[in-house]
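Coordinate inspection notes
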Amino acid sequence: MNMHNPNTDGKLYEPAMVKEALCRHFNMPPDRSHLTTCEKHFIGLGGNQFHYYRFTLKDGHVKRQAFGKLGGANAREYQALQHLMENIPDERRHFCRPIALLKDGNRSMLLLEYLEGYSNALSMANSLRLFPSRASNITRLATDILDKIYGLQQHFPLNYSPLSSEDADAIPGQPVPTSIFKQLEDIKSLSIETKAAVRDRINAILKNQIPVRRGVIHGQLGMRNIMLNRSCISFIDWEYMESNGLCLYDPCYIATMALMRGVQLVVSRSKLNQMSDALFQHIEGLEERLADAEHKDHIRDSLWFAKCLAMIDTLWQYETTKGSRLRALAVQERRKIDYLAFCIENDARKDKSNSYAINRWNLHSDHYIKVSKRRSSSALVTAGKFIEMAGISKGSKVLDLGCGHGRIVEILVEKVPSLDIVGVDMTRNLLDNFTVKSGANESKIDLICGDITKLPLADNGFDAVVSSRVFQYLPDPVLGVREAFRVLKPGGVFVVAIPNKLNVIKYLTYDASLYSPFQVRDWFKACGFEDINYGSIGFFPSSGRWKGVAAALEIAGKIPLVKHLGGNVLVMGRKKPQPPVMK
């Protein structure tokens, strides 16, 4: 079989060249050996500029196999692999052994030993092995891969130099490197505020010349470059080999690809967040172990930079790569884009502020007002529970955290007269469209546009604090619970409703963080609440028509085996009353 240059009609190689190199490497007689070739389309990255082959050399019952990579930029990779061979013991290598580099002008074929018994990490068999505990198994696999990458890197001297504009302008962006700023401009799923925040932080890091570890050997690996034999991992196809590459990019890209695999296998948002925390914390720990004392203080900034590059590059490729709708559905492309945008928006913050939630609701508040159902079964059940559990009665002073456009306040005012209510929300548009006015049913209503983790309110001012489906958007929900505790009067009650991690429908479909009743209970304990009661509500989908059915099914909240499985966690806690004054 003749192999042809995919871009021209001319022959590139005679199979005899490949056969001669393989016979010499495997010490097999050329006259008795027979070579067969099979082109492989699933290995490696790089678009159409590379072609991949599997060669089989037979001499009677003796059979040897090899990979072949056909392209124009293999010389550095071959030299790098030879360097690894010379410097790393056999048992620590974890990569394909190079056989030969066949050159013809500006084109070359890299021959690598075939990994017998290994298959691609994205194969169906390897995907099935991830079930049923997909999140933990993907995390374990990615952690093992990261350990192998750092195992290779620790054999070489540490080399630090500052991050520069070249690092931002040459991320892999298949099939050729491209600028992160160009990619950022092209991405449609990020808000203008987020793009500006990302751009500002990247420029600040570049301006501060944060030192990063550079690699003597550096390869930008994707999941398709990794071969598995159950628990054994090996690397092939080290593309874009550099002598001064940003070493942190490889592990951050691997962690990003692992998260995308989780999205494709329908891992829930909350589990994905746990995977992300575990993987990037693991990278930080490995980097600290490898770094010298002088450079440990810079790891967090350089890790943010590398993670940002990996995620923006991946998001850009998803948005700009054209494909069929069926394929996009099969690989969960929309969920991947949404989750990457969520991660980038979260990481754009310099501190633990609520910019992600602010941007989200500023963008989508009009749509929420339009589609949300006033007096839905969910709102009625939630408000009723707030009144019952917080002891809200005539004349009570009540604070609603994340009041939105007033769905809960409207029902509270209707059911209980003469309430003094303060509503706090960070989205001005929702407050401008509030559904109930001060004076309704003798109520007094004040609205504040502000951050519920930094309330502009005095201590000990409210009989009850309530919050419905807001805390899941906070980067640190405990800060909100602590503020609720501060502004409550002694003996006052805080009641919160949050989408439930233990509910199957919410687990599979919800687009923000999920928490169990036990996690929310622990927030309350940590902030000093007493008499904590926890369970769940929402045992029937929110409806404007079947309110009676929905209300009747709330009886499930009193059944021990299912009381924690409703659509929304419901937790209450009381601030310790002041002891009576002795006369």
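Residues numbered from 1 in each chain as written. Predicted model: local features only at pLDDT ≥ 70, side-chain atom pairs only at ≥ 80, totals over all residues. Heavy atoms only, no water.

A general feature of soluble globular proteins is that nonpolar side chains tend to end up buried together. Counting 62 residues, the largest nonpolar core has Ile283 and Phe305 as its most contacted members. Taken together, the elements giving at least two residues each to this core come down to helix 4 (134-153), helix 6 (180-186), helix 7 (192-207), helix 8 (249-264), helix 9 (269-290), helix 10 (299-320) and helix 12 (333-347). Per element, the largest residue contribution to this core is twelve residues, and it comes from helix 10. In this structure, Ala383, Val409, Leu412 and Val495 belong to the second largest nonpolar core, which totals 30 residues. (Core = buried A, V, L, I, M, F, W, Y, C linked by side-chain atoms within 4.5 Å. Buried < 20%, exposed > 50% of the residue type's maximum accessible area, 1.4 Å probe, protein only. Helix = DSSP H or I, 4+ residues; strand = E, 2+ residues; numbered from the N terminus.)

Glancing now at the sheet that holds strand 15 (residues 420-425). What the seven strands build is an open sheet, ordered 16-15-14-17-18-20-19; its pairing is mixed. In this open sheet, the two strands that pair with only one neighbour each are strand 16 (444-449) and strand 19 (530-537). Between one strand and the next, the sheet's axes are offset by a mean angle of 15°, whatever the strand orientation. Of the pairings in the sheet, the one linking strand 14 (residues 397-401) to strand 17 (residues 462-468) comprises three bridges and is parallel in character. Paired with aspartate 400 across the strands is valine 466, a residue of strand 17. Against the sheet, helix 17 (residues 477-487) touches strand 14, strand 17 and strand 18 (488-499), its axis set at about 150° to strand 18. (Pairing = 2+ DSSP bridges. Axes fitted to C-alpha atoms, helices over the stretch in contact; angles between N-to-C directions. Contact = heavy atoms within 4.5 Å.)

This part covers the packing of helix 9 against helix 12. For the pair helix 9 and helix 12, interaxial distance at closest approach is 12 Å and the crossing angle is 55°. Taken together, the axis directions place helix 9 and helix 12 in an arrangement best described as oblique. Crossing handedness for the pair helix 9 and helix 12: right-handed. Only Arg335, Asp338, Tyr339 and Phe342 of helix 12 make contact with helix 9, whose side of the interface consists of Arg269, Leu272, Asn273 and Ser276. (Parallel < 35°, antiparallel > 145°, perpendicular 65-115°, else oblique. Left-handed = near helix turned anticlockwise from the far one by under 90°.)

This paragraph deals with the side chain of glutamate 284. Among the structural elements, glutamate 284 can be located in helix 9. Taking the relative accessible area as the measure of exposure, glutamate 284 reaches 15% and is therefore buried. There is a polar contact of 2.9 Å between the side chain of glutamate 284 and the side chain of arginine 300. Excluding residues that lie within four positions of it along the chain, glutamate 284 makes contacts with Ile299, Arg300 and Leu303. (Polar contact = N/O pair within 3.5 Å; in protein donor to acceptor, adjacent residues only side chain to side chain.)

Moving on to the packing of helix 8 against helix 10. Two elements in contact, helix 8 and helix 10, have axes whose closest approach is 8 Å; the angle formed by their N-to-C orientations is 45°. The angle between helix 8 and helix 10 falls in the class oblique. The crossing of helix 8 and helix 10 is right-handed. Contacts between helix 8 and helix 10 involve Tyr249, Cys252, Tyr253, Thr256, Met257, Leu259 and Met260 on the former and, on the latter, Leu303, Ala306, Lys307, Leu309, Ala310, Met311, Asp313, Thr314 and Tyr318. In the contact of helix 8 with helix 10, the residues fall into twelve nonpolar, two polar and two charged. (Nonpolar A, V, L, I, M, F, W, Y, C, P; charged D, E, K, R; others polar.)

On to the packing of aromatic side chains, then. As enumerated under the stated definition, the model contains ten aromatic pairs in all. Relative to tyrosine 253, the ring of tyrosine 249 lies with its centre 5.7 Å away and its plane at 15°, an arrangement referred to as stacked. Separated by four residues within a single helix, tyrosine 249 and tyrosine 253 lie in helix 8, roughly one turn from each other. On the basis of relative accessible area, tyrosine 253 is assigned to the buried category, the value being 10%. Here the aromatic cluster, defined as three or more aromatic residues joined through ring pairs, consists of Phe471, Phe485, Phe494, Phe524 and Phe529. Across the ring face of phenylalanine 342, the terminal group of arginine 269 is positioned such that the distance to the ring centre comes to 4.5 Å. (Phe/Tyr/Trp six-rings, centres within 6.5 Å; stacked < 30°, edge-to-face > 60°. Lys NZ or Arg CZ within 6 Å of the ring centre and 35° of its normal.)

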